[in-house]
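Residue-level listing of the chains:
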Amino acid sequence: MKTWQKFALWYSALTLAYLYPLVLNFRSLAGHGDAWQFVWNFWWIKKAITEPGAHLFYTNYLHWPDGISLLLQTFTLLNSMVGVVLSYAVGLVAAYNVLVIAHFIFAALAMYALCWYITKHHLAAFIGGFLFSFSPYHLVHFYGHLHLLSIEVFPLAVLFVLRTLEGKRWDWIGAGIVCGLTAYLDWYYFFFLFLMLGFLVIWQLACKAASRNRSIILRLVLIAVLTALIASPYLGTVARGISQDLDVIGHDPLKNSNDLKSFFIPGGRSAYHEVTSWYWNHWPGWRESGSYVGLSVIFLLLWGFGKARTNHFWLWTILGLLFAILSLGPYLQIGGRVVTSFHLPYDWLVRHIEVLQYAGVPARFFVVTSLCLGILVSKTITKLTQYRRGTAMAIIFLIALMIEYFPAPVEVSATTYSPFYTQLAQDRDQYAIIDISDAPAKVLYYQTIHGHPLIDGYTTRPTISANTFLEKTLVVHDLVAEGERFRNKTPPQDGKKILMNLNVRYILIPRDEQDLKRYMAKLKLPLVYEDALLEAYQVY
C-alpha cells in the first residue's frame, strides 16, 4: 500500500471520530438549519433535469403561484450534481451525509499532496493535511454549509499553480479546471482563489527570475483563460438574469466577522466550549467563525520563525496574516467590544469591490489563513525532524493538535416526518400547501417527500415580488409573512375564498398551537388529520 493510501485510511478514521456521532446516525442529517436546503437543492435539480418544462433557476414549487427566481440560490452545483447521482443509490439525506464526510477526507488528502510537494516529508505533509481539514474553520461549517466544506480546491489550485510557476508543462490545465469548477462550488471561494493566487503569482514572479520566462507567463495566461471558459456559462447566466426584483442585500459584516480573541480562544463548536462560554456566548458571530489557531500551532511557529525562515516561509506568513486581518471585518472587535476609531482593510476592499457588499461574511476569509497555517506547520515540522528526537516531538505536536482541535459531538437532525406527507405524495392533483408545522428550512425537506408546491418557501435570497406577495395577501400574510407563524387573530370574512383562489388545499400547523387552531376555526376549515407532529386543515 502506498503512503498516501495509508494516510487516506488515517484521514478517514479521523473523520469518523471528529464527526461522531454521525456515523452511528447515518439516517439522520449531518447538521441542521441550512443543511435541509441542500437536500432540497438535490431534489429540485433532479426535478429540473427530468421534468419537462422545469427550469433550474426558476421554480413555482416555492412561492406558489407566481414562483421565485433561484439565480442566487446557493446551489453549489458541482456538489449538488454529485448529490443527485448518489441519491439514486442511497437517497437524498444519505447523499448529503456522504458529501460532508468526503469533503473532510478530500481536503486532508489535497493538503497532504500540496505539503508533500513543498516539503518532500511525509509526516510533515500528513500533519499539514490534518491541520487544514480538521481545523475549527472546517468543522464549524459542518452545520449547514456544504458549499463551504469544499475547501480542497485551495490546496489543489495552489499545487497546480506552483508547479506551473516551476516550469511544469501541463499543470496549467489542472489549475484552470480547479479554479473554473470552484465557481460551481462557492462564489466566496472563487473570489478568494482569485485574491490568493494573484498574490502568490506576483510574489513568485518578483522573487524568482526563473518564473519570468515567456512559456511560464503564457501558461499563467492560459490558466486565466481556461478558468473563464469553465466558469462563464454559470456566472454569465447569473449575471444576465440579475434584475431589480432580486433581494441581494448581504449579511451584516460586523455580526459575521472574527473577533480578535477568537484566534486564541476555542469557540462554541469546540469540545471545550463550556469552559470558554464566558467568551463566545456574548459574541454574535460565533456560529460562523472557526478561527481558533491553537496554542500548539502558535508555539511551534514561534520556534519556526527562528529556525525555518525562508522566502517561502515569509510568503505564507504574510498571506495568512493578510487574510486573517480581512476576516476581522470592517472594524476591530475585541471580546465583543467594537473599536470604531479606525477602519480595517475589509472596509476598503468592500468600497472598491462592490460585489462584496452582497456577501457580508468576512469570517470566511479565514479559510486561506488555515491553508497558510497548514503549510507553515508542515515546513516547520520538516525542520524540526532534522534534530535529534525531532520526529518524536513532531508526533507529540500532532497529538496535542488533535486534542486542541477536537470538536464537541456534532449535532444531527432526525429525518422523521408525519405519515400525512406520504398520503399527500400519493395524491396526483395539482394544488398548493401552506406548511408552517416546522422550521422553514425543514419544511423544504418535507416538500421532497410530498412533492406539492408551497405558498412560501425558504431560499438563499428572496425576491422583492415574492416578499410583497406574502406581505400583501390576506390570510397568507397572517400565517407566513416575514417568517412569522401567526399575526392576526381574526381572518377576513372571505379568507377561505382567498385560499381557494390560490389553489391552497391544506394548511399544516404544529400540534396543539392554540392560537393557530382558533384561527383555523374562524376560517371554518375542518381538521382532517392529526398526529404527534402536525395538524392538517383542509381548505376545499
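Residues numbered from 1 in each chain as written. Predicted model: local features only at pLDDT ≥ 70, side-chain atom pairs only at ≥ 80, totals over all residues. Heavy atoms only, no water.

Some thoughts on the packing of helix 2 (residues 35-50) against helix 18 (residues 440-450)
- Remark: helix 2 packs on helix 18, axes separated minimally by 8 Å, with the N-to-C direction vectors making an angle of 30°. Relative to helix 18, the element helix 2 lies roughly parallel. With respect to the hand of their crossing, helix 2 and helix 18 are arranged in left-handed fashion. On the side of helix 2, the interface is formed by Trp36, Gln37, Val39, Trp40 and Trp43, while helix 18 contributes Ala441, Lys442, Leu444, Tyr445, Gln447 and Thr448.
- Looking at the contact of helix 2 with helix 18, its residues break down into seven nonpolar, three polar and one charged. (Axes fitted to C-alpha atoms, helices over the stretch in contact; angles between N-to-C directions. Helix = DSSP H or I, 4+ residues; strand = E, 2+ residues; numbered from the N terminus. Parallel < 35°, antiparallel > 145°, perpendicular 65-115°, else oblique. Left-handed = near helix turned anticlockwise from the far one by under 90°. Contact = heavy atoms within 4.5 Å. Nonpolar A, V, L, I, M, F, W, Y, C, P; charged D, E, K, R; others polar.)

Overview of empty space enclosed by the protein
- By the definition in use, this model includes two cavities of 30 Å³ or more.
- In this structure, the largest cavity occupies an estimated 210 Å³ of space.
- Looking at the largest cavity, it is lined by 21 residues, and the ones nearest its centre are Pro136, Gly267, Arg269, Ser270 and Gly290.
- For the lining of the largest cavity, the secondary structure elements donating two or more residues are helix 6 (136-140) and helix 16 (390-405). (1 Å grid on protein atoms, 1.4 Å probe; cavity = no way out; pocket = protein on both sides within 12 Å on 5 of 7 lines; lining within 4 Å. Points joined across faces, edges and corners; volume = space filled by probe spheres on them.)

Some details on the sheet that holds strand 7 (residues 432-435)
- Strand order in the open sheet made by the four strands is 7-8-10-9, with mixed pairing throughout. Whereas interior strands pair on both sides, the edge strands pair on one side only; in this sheet they are strand 7 and strand 9 (527-530). Direction aside, the axes of adjacent strands within the sheet are offset by 20° on average.
- Pairing of strand 8 (residues 504-510) with strand 10 (residues 534-538), which is carried by five bridges, proceeds in the antiparallel orientation. The residue of strand 10 that forms the bridge with Ile507 is Tyr537.
- Taken strand by strand, helix 22 (residues 514-522) contacts strand 8 and strand 10, and its axis lies near 155° from that of strand 8. (Pairing = 2+ DSSP bridges.)

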